[in-house]
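# Geometric and topological summary
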Amino acid sequence: MKVKINKELIGHVAEVARLKLTDKEIEKFSKELREIIGSFSKLDEVDTKDIEPSLQPVGLKNMLREDKEEKSFTQEEALSLTEHKKDGYFKGPKAI
Amino acid sequence: MQEFIKKIRNNEIDIVEHTHKVINECKKINKEYNYFNVISEDLALQQAKELHKKIKNNDKNIKNKKLLGVMVSVKDGICVKNVESTAGSKILRGYKPLFDATVIKKVKDAGGIIIGKTSQDEFGFGSFNVNVGLGFEIPKNPFDKQRSCGGSSGGAAGLSQVAEFPHIALGESTGGSIVEPASFCGVFGLCPTYGRISRYGLIDYANSLDKVGPLGKSLQAVALLLETISGFDRNESTTINKPIDNYTDFINKKIKNMKIGIIKEAFVDIDKKIDKKINEGVDKLEEIGVKTEEISLKLPIKHGLATYYILATSEASTNLAKYCGMRYGVSDKLEGNFNEYFTKVRSDNFGPEAKRRIILGTFARMSGYRDAYYIKATKIRTKIVDEYKKMFKKYDALISPTSPILPIKFSEIEKLSPLQHYMMDIMTVSPNVAGLPHLNVPVGFVGKSPVGMLITADHLEESKLIQLGSVFDSQ
């Protein structure tokens, strides 16, 4: 696939990934990713018609346990690693 | 190592005194080489004291402890309860896990003493351990401080080479991060079959590729740790529920009727001096009756690299979405709306390579590009696995160099573009994409630089790697 990697595209991808890049970073990443993605586009040559995707390499099957309550962290423990908490909950930034 | 464990068990060596000495030694080593992000002095001494009590009281469980008194270093990305575990990233500064990873629990149960968290590229994103997180130190090669340790388990490999006390390292590999640094530091490093060892408590890079595995100066030590930490884990749904071999029994086990394929494409663009050393290694195997043949492995060598980087960064970009300065790790003042807050914490605390890989992976999964990159790579992965599987119908193992280059100077790394940096993983990415066990075997030196030979076997055939590798284990 031919893709035009430019500063607009990289800026957009960064925004989707919740990263704010400086103009200098956008410039640098655009150049580097043009080279990387250009090279990786060679995968087009490989014939993958009728080939199934592999999401992992060893043919694992889904493993489920019985839906029973088990021991887990207490609310206090779960909150012990942050300073952003209130009334037994995580306190986050404004949602709206 | 068995002799040492016996002496600890019989209290001929005082375990607490020994641990004190080791911790002091680690501090000295760290000043010189930067192999640790944290030295876990309190934990190590607490473990030593508890074991000492049991030894003195002739506790009946002591004789079953396979790693009694052996010092185990842990790659930073593996969670150790109450010890800062950052995976080498500033965004996880201050994170002290509330639990032990399964492998840590197993090491502790076996009497192994945790001495600290070793240096790595941030989240494992690198081949030379220079992509450490903001504010972290870069580890130096044990044979030449101007050169790299290899990555991303660089601290683990470097420490394995310089430690004079009985020690084994826990490392982790996504695309070659165990065998590459093992090769640069002249030690053994074994990356197991995907799912052989639990990833519960491992800070993810890419879930379908990550494997925890041992590194050590002797293969005996590597086999011992492998035996201790392998196996099914009900906390980890991708572990394989199949029997574990007694890997240490395969050290120096007589080799009969083994046939090995030498991957011809892997020798095309490499340093001739590396070529020569690998051939000497192959000669050594032939001398004990191993049959060898040249084979061709086109797809893995030609397209393994792009396949790996697309899969790994796609998975990494989703895994790293959870770091947003709220529940653990670094945080900031709660200002702005959630998008602004998360964006600020992430932009301030991820290093440049983490940002690069997040962008690459996000791109490869984005609507419009997903089929051409991510989905395409998952299909090529199927073909790569098939190509290896065909080979393993005829051959017991495959051989290539571990790295196309000798340990590289820091000044030369600076000149590499990110793509050139990625290309140094050419030998190791495909066994990782296919989830195959592989072992770095030190086969000699070119000048002061160690050379490593890569042996790859079929799924769950770690024993064969140990059997073949022990031909090169002088300890």
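Residues numbered from 1 in each chain as written. Chains lettered and ligands numbered in written order. Predicted model: local features only at pLDDT ≥ 70, side-chain atom pairs only at ≥ 80, totals over all residues.

Another point: the overall build of chain A. Across its full length, chain A carries 3 helices and 2 strands. Going from N to C terminus, chain A has its helices and strands arranged as α-α-α-β-β. Computed over the C-alpha atoms, the radius of gyration of chain A is 22 Å, more than 25% above the 12 Å expected from 2.2 N^0.38 for a compact globule of 96 residues. Dimensions of chain A, computed from C-alpha atoms along their principal axes, come out at roughly 55 × 45 × 20 Å. (Helix = DSSP H or I, 4+ residues; strand = E, 2+ residues; numbered from the N terminus. Rg over C-alpha atoms; globule rule 2.2 N^0.38 Å.)

Residues and elements named next belong to chain B. Examined against the element boundaries, Leu-43 turns out to sit in helix H3 (residues 41-56). Of the residues examined, Leu-43 has 19 C-beta atoms within 10 Å and is grouped as partly exposed. When sequence neighbours within four positions are dropped, the list of residues in contact with Leu-43 reads Val-83 and Ile-114. (Buried ≥ 20, exposed ≤ 12 C-beta atoms within 10 Å, placed from the backbone. Contact = placed C-beta atoms within 7 Å.)

On to the pairing of strand E6 (residues 211-216) of chain B, then. Residues and elements named next belong to chain B. In terms of residue burial, E6 counts as a mostly covered element, since 6 of its 6 residues are buried. Two elements, strand E4 (residues 167-173) and E6, share 5 bridges in a ladder whose sense is antiparallel. When the bridges of E6 are listed, Glu-172 appears paired with Val-212. Relative to E6, strand E5 (residues 188-191) is paired through 2 bridges, and the arrangement is antiparallel. Within E6, the position partnered with Phe-188 by the bridge is Gly-216. (Pairing = 2+ DSSP bridges.)

Before going further, it helps to examine the environment of Gln56(A). Inspection of the secondary structure assignment puts Gln56(A) in the loop between helix H2 (23-40) and helix H3 (75-78). Judged by the 15 C-beta atoms lying within 10 Å of it, Gln56(A) falls in the partly exposed class. Taking the C-alpha atoms as reference, Gln56(A) lies 20 Å from Phe40(A); in sequence the two are 16 residues apart. With near-sequence residues (within four places) excluded, Gln56(A) lies in contact with Tyr194(B), Ser208(B) and Thr238(B).

You'll often see interface size given as the accessible area lost when the parts meet. Between chain B and chain A, the residue contacts involve 57 residues of the former and 44 residues of the latter. Sorting the residues of the side of chain B that touches chain A by element identifies helix H9 (298-319), helix H10 (338-349), helix H11 (352-365), helix H12 (371-394) and helix H14 (418-423) of chain B as the ones contributing at least two each. For the side of chain B that touches chain A, the per-class residue count stands at 28 nonpolar, 20 polar and 9 charged. (Nonpolar A, V, L, I, M, F, W, Y, C, P; charged D, E, K, R; others polar.)

Per-residue confidence for chain B averages 97 on the pLDDT scale, and 100% of its residues sit at or above 70. Predicted complex metrics record ipTM = 0.96 and pTM = 0.97. (pLDDT = per-residue confidence, 0-100.)

Residue and element names in this part refer to chain B. Here the residue pair Gly-151 and Ser-152 is connected by a cis peptide bond, since its omega of 5° sits within 30 degrees of zero. Along the chain, the position of Ser-152 falls in the loop between strand E3 (113-118) and helix H5 (154-162). Notably, Asn-58 is not glycine yet its phi reads approximately 50°, a positive angle. Secondary-structure assignment places Asn-58 in the loop between H3 and strand E2 (71-75). You can call Asn-58 exposed: it has 9 C-beta atoms within 10 Å.

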